[in-house]
Structure formats: structure tokens, C-alpha cells
Amino acid sequence: MNRTGSLYIEKTSFIHNLNGAVKLLLLICWTVFIFLFMDLRVFLSMIIIGFILLKMAQIPFKKIKTLIWFVVIFTIFNSIFLLLITPEYGSELAGTYSTFFEIGNLNITYETLFFSLTLSLKYLSILPITLLFLFTTHPSEFASSLNKIGIPYKVAYAVNIALRYIPDVTDEMKNIINAQEARGVCFNKKDAGIFKRLKNYVTILIPLLISSLNRVEIVSNAMDLRGFGRYKKRTWYHQKTFSIIDFLFLMISFGMIIVGIYLKNTLLKNFWYPF
């Protein structure tokens, strides 16, 4: 995370130069397209396209690998719960029944196993475009993008300011922890057990809350003094005009929805099970 409080990485790729509103609409259209289907072939294709776009955006893999691993592990656990809770749901969708694993009343079928894999890839296929948006969009441009698609600028600015103050709150928390350690409160695993350390972390909540509220009051007063909210519309410092490439990506985004609806109604109507 950089000093702007976001995951934004400064680069000069054409994806960085795209308008933030275009990238947000691309993310929305990509997500809608994914959720139209239950087809592993579609999800694999979108994952490959997504990672090609990430490569073109020059995002270093070491910057995104933690998020990727987190989502992958979460998806694996989600699939395990799905198998345990609805062990025969895939068979209902596929119309066939082939036992893979049986313990007592629990009978997991090959169809449900394939359904879990398909569902996992469905979630993972949204990950590359989400990373692309987060790592290539400046937070101020992100706020203006929200405003440009119709979200009130007060809400957009609230999101923007929340992102900006994350590093400040983190620094304040570190200062409070250092102050508490100077008073003999243990936060290191070498000095105390996990339950003792968890209990000690409670001692930083109140000072952190008071400090954050003071910061909110200062910012609120500063915004009032500058007349924030007086007008129905406002301008943004980080706001780009649409270029030819922006219009091209807008056409691709809306075209994706049209193609998705067509494929859903003709070729890829149901859950795809090839066996």
C-alpha cells in the first residue's frame, strides 16, 4: 500500500492511462458477463485474458501474489463447504449421478465436484480485472469515477477520504503500541501468550478511536470552512477526458454484455458438464 492509502502503482501503461470511469464500467460489465454463465470454458478464457491484461499493465506479480493466494485459499474453503453442504447439487444440474466419495449419509458425486471447480473458477475469473482496477486507478480518480457513473459526490468523496486516511490511522496505531510497550504492555509473542496479547490489543482501541474521531472532526471542520457540500455538483482534480482508447474500451465493455446475453440464450444456457 502506498502513501495515498490505496494499492495504486504508478506506471505508464495504456491501462493506467485509461479513464477511471471506463475501468470501473469495464469491471462492472466483466462481472455481469461472468455471472451470466456456469461454464468452466468461459471462466478459464476470462482468467487468461485477465492475466494478459495484468501483464500489459506492468503490475509486478510480487505485489499481487498475497491477494491472489488469499482469494485462492478462501475459494478452496468455500468449495469444501459447498461439497459438504450440497454434495449432490451438481448431479441435479448435470442430470447424471456418479458417486465419487461416500461416508455414511454423505455422498459426494463427480458432478458436484466438477460444479465446485466451476464455481471456484467463476469467482477467480473476477480477480484479475479487480486487481487491474485497484492497482492502476489513482484513489482520487477512483472517487471521480464513482461520481461520473452517477454516485453522489459526497459519497464518492467519503470513499476517497477513507482510503486516504488508512495509512495515517495505521501510523497512529503503531505509535500507540510503542507508547503502551514503553509502559510495559506486551504485544510481542516472545513476551506473552496469544490470549494475553489479544487482551493487550484491547488497550489500544480506545486511544485509537479517540484519535480517529479527533482527526474526523478536524477534517470535517476544514471541509465546512471550504464550503464542501454547498453546490450540487463539483469538479475533481484527478479527472480525465475520454480519449479514443477510452471509447474503444467502453464499446468492448458494453459489447461484452451483448455477447454474453446472446451466448446465454443460445449456446451456453446451462451448467456445462462434459463427462
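Keep in mind that this is a model prediction, so the values were computed, not measured.

A. The arrangement of the side chain of Asn19 in detail. Looking at the element boundaries, Asn19 is found in the loop between helix 1 (14-17) and helix 2 (20-35). Among the polar contacts made by the side chain of Asn19, one reaches the main-chain amide nitrogen of Ala21 at a distance of 2.8 Å. Excluding residues within four positions of it along the chain, Asn19 makes contact with Glu141, Lys148, Lys240, Thr241, Phe242 and Asp246.

B. The arrangement of helix 12 (residues 205-225) in detail. In this model, helix 12 (21 residues) spans 30 Å end to end at C-alpha, consistent with the 30 Å of a helix rising 1.5 Å per residue. Inspection of helix 12 places Leu208, Ser211, Val219 and Met223 among the buried residues, and these make up the whole buried set. One side of helix 12 carries all its buried residues, which in axial view fall inside an arc of 110 degrees. Across helix 12 from its buried face, at more than 90 degrees, point the exposed residues Ile206, Leu209, Leu213, Asp224 and Leu225. After helix 12 finishes, the residue Gly227 shows a positive phi value of roughly 75 degrees.

C. How the structure looks around the confidence of the model for the protein. Averaged over every residue, the pLDDT of the protein is 83; the share at 70 or more is 96%. Considering each helix and strand of the protein separately, the mean pLDDT is smallest for helix 8 (residues 139-148), with a value of 74, and largest for helix 3 (residues 40-56), with 92.

What counts as what
Residues numbered from 1 in each chain as written. Predicted model: local features only at pLDDT ≥ 70, side-chain atom pairs only at ≥ 80, totals over all residues. Heavy atoms only, no water. Helix = DSSP H or I, 4+ residues; strand = E, 2+ residues; numbered from the N terminus. Polar contact = N/O pair within 3.5 Å; in protein donor to acceptor, adjacent residues only side chain to side chain. Contact = heavy atoms within 4.5 Å. Expected span 1.5 Å × (residues − 1). Buried < 20%, exposed > 50% of the residue type's maximum accessible area, 1.4 Å probe, protein only. Arc of directions from axis to C-beta. pLDDT = per-residue confidence, 0-100.

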